[in-house]
Each structure stands twice: as C-alpha cells, then as structure tokens.
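# Geometric and topological summary
As a plain string of letters, each chain reads:
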Amino acid sequence: MSRSKRKWDHIQYALETGQKRLTGFDDIKFVNQSLPGSNLDSVKLETKIGELSLSSPILINAMTGGGGERTYRINRELAIAARETGSAIAVGSQMAALKDPAERRSYEVVREMNPEGIILANLGSEATTGQAKAAIDMIQADGLQIHLNVVQELTMPEGDRSFAGALKRIIEIQQIVGIPVIVKEVGFGISAETADALVSAGIRYVDVGGFGGTNFAEIENKRRDRLLTFFEDWGIPTAASIIETKSASQELSVIASGGMQSSLDIVKALATGADGAAMAGYLLKTLMENGTEELIQEIQMMKNEIAVIMTAVGVHTIEELKSVPLVISGDTHHWLDQRGIDTKTFARRRKF
C-alpha cells in the first residue's frame, strides 16, 4: 500500500472510530469558589510553551499531510482556521514529503495560508538530523515535534519493529536545529519514566498524547488480518499522563493532547499542569462535517468558554490556573495513587 493511501485511510478510520471519552478528565472536578474575586474582562489567555509565546492555549495538533489532494485541502483549511483564531498548528509527519517531493505542497500550504502563525514541523524518532532540517525548512517551522508511536508501529502491518537509538537521535536533532524540539506521544501517553529520560537528555518540551482520543492501535487493527486487540486498551489516560509527566520534572513545558473535546477539558488540563492543549480528532470532525467557518467559530467559542471557566474559579491567567484546588477521583485517582502520586496535594491547593 502506498504511503499516500495509508495516510488517507488513517483519516477515514479516525473519523469512523471516533473518541470514547476515556481521557480521565471526567474524574477531575473544580472546587467551587463563591467569592472568586475575578473579572471576565481581565482574563488573559496568553500562554508560553517554553520560548514559544501563544495568544491562546489551544493548539491544532498534527493530523495529516502526504495524502495527495485530499490532505492538501484539509491542511489548507486547518491553516486558515489557525490564522483566524490565532492558534498554533502542527502538521502531520513530513516523512512522506521527504521521500516523495510531490507531497510537499500538502505541508507547504500551511505556511502559505498562515504566514505569521506559529507552526510546528513533525517527524518520527527514526528521523536523521538532515531530515529534521529539511522538514523545518519546508514550512519555516517555529518548533519541531518528534513523535513516539511504538504501539502504533507494532500494530501497523508494515510498521517499524526496531526502536533502538531513538533518544540518541532526538538529542542529536535538538543540538542542531535551533528551535524547540517537542517530544510527542500519539495516543498512548508519556509516563514519568519517559519524562525522566527526556529531561536527563536535555529535552524540555513534551506533548503527552495520552490515551482516550483517536486510537491508532484500533485504526491499524482495521488494516490487519490477525488483530492485536490487546493494544486497543493500551496506554496512560491523558489526565494521568499530564500529572505523571509534571511529577517527573517541573522543568518540562507540557502540551496536553489525547481526546480533548471541550473547553472544560482544556481548562482541566491546564489546571493539572499543562501549558497548552492540543486538539486533533475533534477539530478534524468539525471541519469535515461542518466546514471551515464552523471550525473557526467553534475554536473562538471554546476560547470564550475557557475565559468564563477561569472567571468561575477565580483566576485571570493560565499560570494562576495551576494553583486552583481540584478533586481527583475514580480511575484517575487510583492510577495516580498506585504510581505514588498524592492527589490530595491538588485538593488542598490555595490560590488566595
């Protein structure tokens, strides 16, 4: 099967399988503040992910590219939405364009449509330093995502079977590219152990890509004769992954992703320690079903709702959100407790 056909299959299967609300965010509740002392007009949505300054915490995460005319059109419309809403945007893996120059335009269109925006390049951990430079130059990227997708590759019939040397290659890329390198999971979650290894290697940016959103093991199983169904329930739920990652190191700038579906999910992700929240499947579904204008309106409405929720909990900045009290229950509490993380510290926070 051609890479282009596989990319389009991934989009179709992602829309078909959907998201099953298994992120863990439903286990997180804000403690009501009857005297919040806040003012909606004073709320600011600006945030920083390391040295990247964003006008809002919403990012349009890596989805596609390298799938011919259809993915060209999707990326074009996503770039327009990013431009109109002031959102950062990441492209899908650019390896397709590095191997087939005819596919470059499905990525280059993102910069063409969004010349002043923050755009993230994207490659897998198999990439070389030369490929990383080429991917960055292709779209004049402000940052580079390097995705880790071991479980997806193992489930993919034609996927990689060796993952030796991945961290060494990431370190080499970081040393030469001169822009932020963001290590990203693709739906199975960054663990505290992985976060420790990344921090020790000098990495300072992580996109947790937690379990609960688009399930790439389920998608790849649709392309197999003998199914590896045990991988379909494999991974760290997004809420737990954020907290695990931050527990490993407060030095890490964390992007939350993996099944983000609403403004409330985003605010909960920020309150548990993330600096930004990236959405993919939900925004793709909105675009495909309702068009670009509806997508723009949806992102703008989520930004407004984020400000409303921040007002309710009594904060005016994203940084202040990280000090509001939260109660964590259910499976997320159980997971974190078993992993040695005391959830009471979230419930006993005092912002005043």
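Residues numbered from 1 in each chain as written. Predicted model: local features only at pLDDT ≥ 70, side-chain atom pairs only at ≥ 80, totals over all residues. Heavy atoms only, no water.

For clarity, the cut-off: UniProt positions are given in the numbering used here, feature names are shortened, and annotations may be inferred rather than shown by experiment.
If you check an unreviewed UniProt entry, the chain appears there as Isopentenyl-diphosphate delta-isomerase from Mesobacillus boroniphilus. Recorded under Catalytic activity (unreviewed entry), the UniProt text for the chain is reproduced unchanged: "isopentenyl diphosphate = dimethylallyl diphosphate". According to UniProt, the comment filed for the chain under the heading Subunit (unreviewed entry) is "Homooctamer. Dimer of tetramers."

### Notes on the packing of aromatic side chains
Put simply, the test is: Any Phe, Tyr or Trp ring, taking Trp's six-membered ring, that has another such ring centre within 6.5 Å forms a pair; planes under 30 degrees apart are called stacked, those over 60 apart edge-to-face, and the others tilted. With a 1.4 Å probe rolled over the protein chains alone, any residue whose accessible area is under 20% of its type maximum counts as buried; one over 50% counts as exposed, and the rest are partly exposed.
Counted by the stated rule, this structure contains two aromatic pairs. Arranged with centres 4.9 Å apart and planes meeting at 65°, the rings of phenylalanine 230 and phenylalanine 231 form a pair that is edge-to-face. Since its relative accessible area comes to 52%, phenylalanine 230 is described here as exposed. Note on phenylalanine 231: relative accessible area 10%, which makes it buried. Ring centres of phenylalanine 231 and tryptophan 234 lie 5.1 Å apart, and the angle between their planes is 80°; on these two criteria the pair is classed as edge-to-face.

### Things to note about the pattern of salt bridges
Put simply, the rule is: Only one rule defines a salt bridge in this text: a Lys or Arg side-chain nitrogen within 4 Å of an Asp or Glu carboxyl oxygen.
Applying the stated criterion across every chain, the model contains 18 salt bridges. In this structure, the salt-bridge partner of arginine 21 is aspartate 26, at a minimum N-O distance of 2.9 Å. Arginine 21 sits in the partly exposed class, given a relative accessible area of 29%. Classification of aspartate 26 as partly exposed rests on a relative accessible area of 43%. Linking glutamate 319 and lysine 322 is a salt bridge whose minimum nitrogen-to-oxygen distance equals 3.6 Å. For lysine 322, a relative accessible area of 19% translates into the label buried. Salt bridges here are not isolated pairs; linked through shared partners, they connect Arg21, Asp26 and Asp265.

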